[in-house]
Amino acid sequence: MASFFSACESEDYGSSSEKQYVHVDDIQINVESVDFVMGVNGTAAIVPQLSPSTVTPQDLIWTSSNPSVVTVDNNGVLTAHSDGEAIITITSQDRTIVKTCKVSVSHIKLTTLQLDYEDYTMQEGAEIALSVTKQPANAYYQNIAWRTTNASVATVENGKVTAVRAGKVDIIASCMDGLEDTCHVTVKSNTEKVIYNPYVKGEW
């Protein structure tokens with residue numbers, strides 16, 4: 001949905017193609033600042049009190065000083081994009097009334113990131129798909145990054161570990177919130193018999 005203020009960037013206010021002005025006597029907002037904690041697809045709204053009562057939020061001009069942090073549509077609905085601060089400015093169409101609201105954005109963080117295995121022993125050429133427990137479910141950054149400390153021993157892609165040759169390697173899962181967990185992998189050559197039974201975390 002295109003916001004009204006984006007259509008009003010032209011200074012040719014006399015153009016017949018422009019929406020007619022709606023006279024606004026007053027704009028009141030109940031808060032001077034908003035702390036916005038964003039979850040997945042999080043939104044919030046600024047609901048101004050307008051006079052006269054026939055005025056609607058769409059009759060105002062809404063702008064954000066920092067769209068990379070939070071954007072606002074022509075109904076006053078905020079959409080957060082990253083941590084930070086922005087000033088939301090509400091302006092009457094004739095530019096005579098201006099109100100502002102400071103918005104501070106933070107995100108819901110992952111507090112738990114745990115792999116299903118702490119240690120795992122496998123043979124050359126074998127594969128295993130590691131899974132991750134993440135909490136809370138509504139944390140903003142859900143993506144997991146995977147890396148191996150030695151790709152010549154084992155590789156990892158989206159949690160799938162492939163043993164390449166005999167050796168030891170750590171497979172690490174991490175997230176944007178700074179959490180990480182490690183699975184210590186031992187790869188045996190095909191001439192060796194795997195006698196170690198891997199265990200799932202929490203079972204021992």
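Here the structure is shown first, and the text comes after it.
Read on for a plain summary of the structure. (Residues numbered from 1 in each chain as written. Predicted model: local features only at pLDDT ≥ 70, side-chain atom pairs only at ≥ 80, totals over all residues. Heavy atoms only, no water.)

Relative to the helices and strands, Ser-92 resides in the loop between strand S8 (84-91) and strand S9 (98-107). Using a relative accessible area of 1% as the deciding quantity, one classes Ser-92 as buried. Separated by 65 residues in the primary sequence, Ser-92 and Ile-27 place their C-alpha atoms 8.2 Å from one another. In this structure Ser-92 touches Val-24, Ile-27, Leu-60, Ile-61 and Ile-97, once residues within four positions along its chain are discounted. Reaching out from Ser-92, the side chain makes a polar contact with the side chain of Asp-94 at a distance of 2.7 Å. (Helix = DSSP H or I, 4+ residues; strand = E, 2+ residues; numbered from the N terminus. Buried < 20%, exposed > 50% of the residue type's maximum accessible area, 1.4 Å probe, protein only. Contact = heavy atoms within 4.5 Å. Polar contact = N/O pair within 3.5 Å; in protein donor to acceptor, adjacent residues only side chain to side chain.)

Omega for the peptide link from Ser-51 to Pro-52 comes to 0 degrees, which places this bond in the cis form. Structurally, the position occupied by Pro-52 is in the loop between strand S4 (49-51) and strand S5 (61-64). Omega for the bond connecting Gln-135 with Pro-136 falls within 30 degrees of zero, at -5 degrees, which places this linkage in the cis form. In this structure, Pro-136 sits in the loop between strand S13 (132-135) and strand S14 (145-148).

Function cannot be read off these values alone, since they describe shape.
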